[in-house]
Amino acid sequence: MRTPLPIARILRVKALLLPVFAAALLAGLAWGSGGGGPGALWRSIAGLPLEDSVLADIFWKIRLPRVLLAALTGAVLSLGGLVFQALLRNPLAEPYILGISGGAAIGAILGILAGLPRFPWGSLAAFAGAMGTVGLLALFSSWRTGLGKDALLLSGVMINAFCGAVILFLISVTSDVRLFNILSWLMGDLSLAAMEQVALLAAVTAVSAAALFFLSHGMNLILLGRDTALSLGVRLEALTWVLLAVTSLMVGVSVSLCGLLGFVGLVMPHLMRLLFGPDHRVLVPACVLGGGAYMIFCDLLARILPRQGEMPVGVVTALIGAPAFIFLLRRAAR
Amino acid sequence: MNPAAIAVQEVSFAYEEAAVLEGISFRVEEGDYFVIIGPNGSGKTTLLKLLCGLLKPRAGSIRLFGAPLSRRRRKALARLAALVPQAASAEAPFRVEEFVLLGRAPHQGLLGLETPEDLAIAREAMAFTGTAHLASRRLDRLSGGERQRVLIARAVCQRPRILLLDEPTAYLDLAHQAQIMDLMEALRAERGVTVVLVSHDVNLAAMYASRMLLLAAGRILAAGPPGEVIAKGPLEAAYGCPLAVETTPGGVPRVSLVPNGRRPAGRPPPGVREVRP
């Protein structure tokens, strides 16, 4: 029989994933196009003199914000997927499914077309777009009798499809260098990380993850279906709105800073569920650590795989994520 | 006189414009084995949902043990009445023990951190429903009969005074149907839980119920002990087809279909091929 008490299970999962996360963090700092390696990183951490004095700046001023931004984005997207998979009781749900991505992308593209600097104005435009979607979603579902999962899903998919059309329209009327900026944002980009961005996302992530942890047992009960959840005393309507609001906020901020990073939010919750079971009180911390580690790892690959320059990290997350998802589906079917 | 476990007074309900229940009144006494029967669309499931606060009546009042249902907080209500919905979703990949433990939610705080006592109650509920041996099996890998007993274990774990079940015997074979109905009788007799269940199986209901309610088109056609409800008049009015009622040697009323006049005698029912020698 498994350990029955949830606190013990949560601590066990944290103890398992923390070393993985720490290893990813150190690896993300140690390697990259500017050189370094574990030895140099260790000397820098221990305060010993480095042969190349530029390395210290590379470690702490260039790579650290980038690695932290990757970790935070990975955590946010995994949590977003986890929440939407529970809320919509649909294993294919991911953090972008309700159109948050589409709205953010329209905002970001309009920002780029208007020639705004990427931070903070471009990010703010993207964030405004994401929140605009949530507003539309709230409006649409208030027209219907209830906030059922199907009503939510239908409205979200419609908004997303409409946004997709607008994005294609905007791209087709753009021909100059701004087109490249739009496409690189759409594919997800961590390369312009600055400490202010990291601090902003860290604050939002900390608050959201804490809120989601306190609502995690509610997510367990949502899985039992509407009638059973209500009959167990869950205030379903309120819980749904809070989950939706918290998730939209953190995903909106993440998307506005890093662009669209696909598959993380789809794959990580499934992987964590496969490893640790369906209890959301365990899955929330697991997604923070696991999602963070996975994104650091993908970003590291994006930096060191190409001979020169780097590839968009969204390409790596999708290249690993899609086959991994198919593998997980096969395992789950058995 | 003790207040009734459930007292329904002049309750009406409608989805959008279509009236489902119209001015219904009845009482369920504590310790009753109360079975609601009636044709499809007669409002049985709606009535069950009203009784546990999932729906709110358009008019009228419902009292549980003397206190108006509408004044109770959702969680307090959940400690009083548990529901086993029809074809309850069991797709979540929980293990049986985890799933049954979720029944403790109304007694716990926000995070639902289980105490050893909660775990003991869950194990006891599994033992009572004969599902203890399934504890570490996955819910979505159980057979129909096992799953239904686990769903009931979850509700028993909730420690309610009233247990509401929507067609708990649907899709089960004869032996498993009897098993579920026996389990409800044990719950009633040994723990004083008031059992209210909706059933399509009139004869099975008549064998177990202490009182019955016959619902048709949102109104009560008959209410009382099985002997009064299982009668040709009200049943034919409710179901709109010719029926025969007899009494078995055990004194239980039994209903059977009378082939109706629309089908010529000697012709097999549609879909059955006639075999000539």
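In what follows, the structure referred to is the one given above.
First, a word on scope: everything that follows refers to the structure included in this document. Just so it is clear, the structure is predicted and the values come from calculations on it, not from any experiment.

1. Things to note about the interface of chain A and chain B
- Facing the 22 residues of chain A at the interface are 25 residues of chain B.
- Elements supplying a minimum of two residues to the side of chain A that touches chain B: helix 1 (6-30), helix 9 (216-222) and helix 10 (226-231) of chain A.
- The element that contributes the greatest number of residues to the side of chain A that touches chain B is helix 10 of chain A, accounting for four residues.
- Its residues placed into classes, the side of chain A that touches chain B shows 12 nonpolar, six polar and four charged.

2. So, the sheet that holds strand 4 (residues 59-64) of chain B
All names here are of chain B.
- Pairing is antiparallel across the open sheet formed by four strands, whose spatial order is 2-1-4-5. Edge positions in the sheet fall to strand 2 (18-28) and strand 5 (67-68), since each has one partner strand and no second.
- Both strand 4 and strand 5 contribute to a ladder of two bridges, which runs antiparallel. Its bridge partner being in strand 5, L64 is matched across the sheet by A67.
- Strands in contact with helix 1 (residues 44-51) are strand 1 (6-15), strand 2 and strand 4; relative to strand 1, the strand with the most contacts, it is inclined by about 120°.

3. With respect to the sheet that holds strand 9 (residues 211-216) of chain B
Residues and elements named next belong to chain B.
- Read from one edge of the open sheet, six strands run 6-7-8-3-9-10, paired in mixed fashion. Each edge of the open sheet carries a strand with a single partner, namely strand 6 (81-84) and strand 10 (219-224). When the angles between neighbouring strand axes are averaged without regard to direction, this sheet yields 15°.
- Pairing between strand 6 and strand 7 (residues 162-166): four bridges, direction parallel. For V84, the partnering residue across the bridge sits in strand 7 and is L165.
- Contacts between helix 6 (residues 174-191) and the sheet are confined to strand 3 (33-37), strand 7 and strand 8 (194-198), with strand 8 contributing the most and set at about 155° to the helix.

4. Overview of unusual backbone geometry
All names here are of chain B.
- Not every positive phi belongs to a glycine, and E10 is a case in point at roughly 50°.
- Tracing the chain through its elements places E10 in strand 1.
- Judged by local crowding, E10 falls into the exposed class, with 12 C-beta atoms found within 10 Å.
- Phi at A217 takes a positive value of approximately 50°, unusual for a residue other than glycine.
- Along the chain, A217 turns up in the loop between strand 9 and strand 10.

5. What about the packing of helix 4 (residues 100-113) of chain A against helix 6 (residues 149-172) of chain A?
Residues and elements named next belong to chain A.
- In the contact formed by helix 4 and helix 6, the axes pass within 8 Å of each other and the chain directions differ by 20°. Classified by the interaxial angle, the pair formed by helix 4 and helix 6 is roughly parallel. The handedness of the crossing between helix 4 and helix 6 is left-handed. In contact with G102, G103, A105, I106, I109 and L113 of helix 4, helix 6 contributes I159, N160, C163, G164, V166, I167 and L170.
- In terms of residue class, the contact of helix 4 with helix 6 is built from nine nonpolar, four polar and no charged.

About the thresholds
Numbers given for residues are sequential positions, taken from 1 along each chain in its written order. Chain letters start at A and ligand numbers start at 1, both assigned in the order the entries are written. Under the rules for a predicted model, residues below a pLDDT of 70 receive no local features and side-chain atom pairs below 80 are neither given nor counted, while totals for whole chains, interfaces and linings still include all residues. A pair of residues counts as a contact when their C-beta atoms, built from backbone coordinates, are separated by no more than 7 Å. A run of H or I in DSSP counts as a helix once it spans at least four residues, and a run of E counts as a strand once it spans at least two, with each numbered from the N terminus. The nonpolar class holds Ala, Val, Leu, Ile, Met, Phe, Trp, Tyr, Cys and Pro. Asp, Glu, Lys and Arg form the charged class, and all remaining residues, Gly among them, are polar. Strands qualify as paired when DSSP identifies two bridges or more between them. A fitted line through C-alpha atoms serves as each axis, taken over the contacting stretch for helices, and the angle formed by two N-to-C directions is quoted from 0 to 180°. Burial is judged by counting the other C-beta atoms within 10 Å of a residue's own C-beta: 20 or more makes it buried, 12 or fewer makes it exposed, and any count in between marks it as partly exposed, with every C-beta position built from the backbone. Working rule for angles: under 35 degrees goes down as roughly parallel, over 145 as roughly antiparallel, 65 to 115 as roughly perpendicular, anything else as oblique. In this scheme the crossing of two helices becomes right-handed for a clockwise turn of the near helix relative to the far one and left-handed for an anticlockwise turn of less than a right angle.

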